[in-house]
Amino acid sequence: VVTVDADRGRMQMNNAFDPEAAGTLDEATRALIERRARLLGPAYRLFYKEPIHFVRGKGSRLWDAQGNEYLDAYNNVVSVGHAHPAVVEAVHRQMTTLCTHTRYLQEGILDYAEQLLETFGGAPGAQHLMMTCTGSEANDLATRIAKHSTGNQGIIVTSEAYHGNSECTAGFSPSLGDNSPLGTWVRRVPAPDSYRIRPADLAAFFEYHVREAIADLRRHGQGVAALIVDSLFSSDGIYAHPTALLSAAVGAVHDAGGLFIADEVQSGFARSGDAMWGYQRHGVSPDIVTMGKPMGNGYPVAGVVVAHDVVAEFGRELRYFNTFGGNSVAVAAAQATLNVIDEERLLRNVRATGADLLGGLDELAQRHYCIGDVRGAGFYIGVEIVSDRDRKTPDTQLAGHIVNGLRDRRVLISATGPAGNVLKIRPPLVFNGDDAARFLETLEDTLAVVGAGIGSGAR
Ligand SMILES: Cc1ncc(COP(=O)(O)O)c(C=O)c1O
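Residues numbered from 1 in each chain as written. Predicted model: local features only at pLDDT ≥ 70, side-chain atom pairs only at ≥ 80, totals over all residues. Heavy atoms only, no water.

A. Broad picture of the confidence of the model for the chain. Averaged over every residue, the pLDDT of the chain is 94; residues scoring 70 or more account for 96%. Here residues 453-459 scores under 50 on pLDDT; set against residues more than four positions off or in separate chains, the count is 15 contacts. (pLDDT = per-residue confidence, 0-100. Contact = heavy atoms within 4.5 Å.)

See below:
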């Protein structure tokens, strides 16, 4: 079994604005940034060397305060398109009718749960939906349930995972960096880096590290409560293949009395183009699924889908209430979003247009030495930028130049991975063929300019 160092690097936010460079910006932008820092404090980060002030969005397009139009190849929140009229109308209608919570009887949440649970393919009644407002809350609740149900404390995550911003979830989100403490009950396993490890070895590689983590948790008296995985490994650098990767590791966790939590906050709701849920690409059955981001097309709604047996005792011994989670308006937004995914056949669009994007990027890789690897599924694509193809050396600086170069040409993406050198291309589900063509052309133009003369990018 191949091993890599789980501590090989901390994810860098390669696309963050550097306040030291504010002097080069126009006066209006500088004033807005200063006001923001004064009012919102020091913990927020802005994207890009030259931050953007958006004022309007529609479909896959955004407009800034000067009226410039941008192509959004990054948004998985307003996933069925900015300002989708069906979602806007549903939220407006519900807001003008009734907004109340889950302690009163309501039909909307039941209709939604019925329709959503069907996408998981279980027997009716075998799973339940519990609603939250954010992905962090969903993962928080999922781990609470897992710890209660198993009697164990240990959580296993991938080495650069991000699962949330609450005290609990930040405690198992290593991508927050060395200054953000991990729980003593957390173990990290390396992500399945399909660029550097032979794909045929990856399932055994991943299982090996999960077994090591289980053994270490046992040695420290924690036991394993759950393995939690984002099946597209977004913050680890985006690894979508091979797909038969998780079952041996999940089997090992089950044998040790733990649960498998599929964090679908990034990979869910048709994002991969292959299936509604990312874990389904791996042929595994999670005990708990968490979801959020695109669930309400921008309205804050998230949730947990959990097997009945897993939550039965938790339900008997504890109770769950969330003031805003599952309120009538959140449900209306989620219902409308789910309907749009279905009615506009977005899964099919993601599959077809995603394949075109990947094909176009593969072609670009033949002409541009700096593209070491193109990988992904549907509308979750990673392009690894390297300075040396033989050594596969991450080129963080060049990746930053490309992200900012695209921004200057009015196309939005970002960068991810432990070295921040993986271009993260994650357009809304409505991104069409013309959008993909514009994206590829603009990337080609950008590479022709910023790729030249930096590192080995010009070769
Ligand atoms: C995989 C994953 N899980 C959980 C979260 C947390 O979601 P939220 O920001 O809604 O709390 C995120 C957010 O980026 C995420 O990417």
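B. A look at the side chain of S234. Inspection of the secondary structure assignment puts S234 in the loop between β7 (224-229) and α7 (247-255). At 3.3 Å, the side chain of S234 and the side chain of Y380 are in polar contact. Sequence-distant contacts of S234, defined by excluding residues within four places in its chain, comprise Q266, Y380 and T416. (Helix = DSSP H or I, 4+ residues; strand = E, 2+ residues; numbered from the N terminus. Polar contact = N/O pair within 3.5 Å; in protein donor to acceptor, adjacent residues only side chain to side chain.)

C. Spatial organisation of the site of the ligand. Close to the ligand lie T134, G135, S136, N139, Y162, H163, G164, D263, V265, Q266 and K293, which account for all nearby residues. Separating an oxygen atom of the ligand from a side-chain N or O atom of S136 is a distance of 2.5 Å. Q266 has a polar side-chain atom sitting 2.7 Å from an oxygen atom of the ligand. Bound to the protein, the ligand loses 83% of the 390 Å² it would expose on its own. No other element matches the three residues that helix α4 (residues 135-150) contributes to the shell around the ligand. Residues of the shell around the ligand, tallied by class, amount to two nonpolar, seven polar and two charged. (Near = heavy atom within 4 Å. Areas by Shrake-Rupley, 256 points an atom, 1.4 Å probe, with all protein chains shown as cover. Nonpolar A, V, L, I, M, F, W, Y, C, P; charged D, E, K, R; others polar.)

D. Layout of the pattern of salt bridges. Following the criterion strictly, the structure yields 17 salt bridges and no others. Notably, a salt bridge pairs E89 with R93, separated by 3.0 Å at the nearest N-O pair. In this pair, E89 and R93 are both assigned in helix α2 (residues 85-97), four residues apart and thus about one turn of the helix distant. According to the relative accessible area criterion, R93 is partly exposed, its value standing at 46%. Members of the salt-bridge network, linked through shared partners, are D193, R196, D373, R375 and E384. (Salt bridge = Lys/Arg side-chain N within 4 Å of Asp/Glu carboxyl O. Buried < 20%, exposed > 50% of the residue type's maximum accessible area, 1.4 Å probe, protein only.)

E. Representation of helix α12 (residues 433-450). Compared with an ideal rise of 1.5 Å per residue, which puts 18 residues at 26 Å, α12 spans 25 Å between its outermost C-alpha atoms and is within 8% of the ideal. Three or more residues of α12 are buried, namely D435, A436, F439, L440, T442, L443, T446, L447 and V450. With a side-chain oxygen positioned 3.1 Å from the backbone nitrogen of D434, the residue opening α12 is N432. (Expected span 1.5 Å × (residues − 1).)

F. Up close: the sheet that holds strand β3 (residues 69-72). Across the sheet, four strands lie side by side as β1-β2-β3-β14; this open sheet has mixed pairing. Of all the strands in the sheet, the pair left with one neighbour each is β1 (54-58) and β14 (411-412). Both β1 and strand β2 (residues 61-64) contribute to a ladder of four bridges, which runs antiparallel. Its bridge partner being in β2, R56 is matched across the sheet by W63. (Pairing = 2+ DSSP bridges.)

G. Molecular detail of the packing of aromatic side chains. Summed over all chains, the structure comprises eight aromatic pairs. An angle of 75° between the planes, with centres 5.7 Å apart, marks the rings of F47 and Y74 as edge-to-face. Of this pair, F47 sits in the loop between α1 (27-40) and β1 while Y74 sits in the loop between β3 and α2, and the two are 27 residues apart along the sequence. Of the residues examined, F47 reaches a relative accessible area of 34% and is grouped as partly exposed. Overall, the relative accessible area of 14% leaves Y74 in the buried class. Consider the rings of F54 and Y70, whose centres lie 5.1 Å apart with planes at 90°: the pair is edge-to-face. Placement of the pair is F54 in strand β1 and Y70 in strand β3, with a sequence separation of 16 residues. The exposure class assigned to Y70 is buried, which follows from its relative accessible area of 2%. The cationic tip of R56 hangs over the ring face of W63; the distance from NZ or CZ to the ring centre is 4.2 Å. Between the NZ or CZ atom of R103 and the centre of the ring of F321, over which it lies, the distance is 3.9 Å. (Phe/Tyr/Trp six-rings, centres within 6.5 Å; stacked < 30°, edge-to-face > 60°. Lys NZ or Arg CZ within 6 Å of the ring centre and 35° of its normal.)

H. Up close: α7. Regarding α7, the residues found buried are A249, V250, A252 and V253. Viewed along the axis of α7, the buried residues span an arc of 155°, placing them on a single side of the element. Here the buried face of α7 lies against α6 (202-219), β7 and β8 (259-263). Directly beyond the C-terminal end of α7, a positive phi value near 90° is found at G257. (Arc of directions from axis to C-beta.)

I. Local environment of unusual backbone geometry. With an omega of 0°, the peptide bond between H241 and P242 qualifies as cis. With respect to the helices and strands, P242 occurs in the loop between β7 and α7. Its identity as a non-glycine residue notwithstanding, A270 has a phi of 75°, on the positive side. With respect to the secondary-structure elements, A270 resides in the loop between β8 and β9 (288-291). Positive phi, normally seen in glycine, also occurs at N297, with a value near 50°. The topology assignment puts N297 in the loop between β9 and β10 (302-307).

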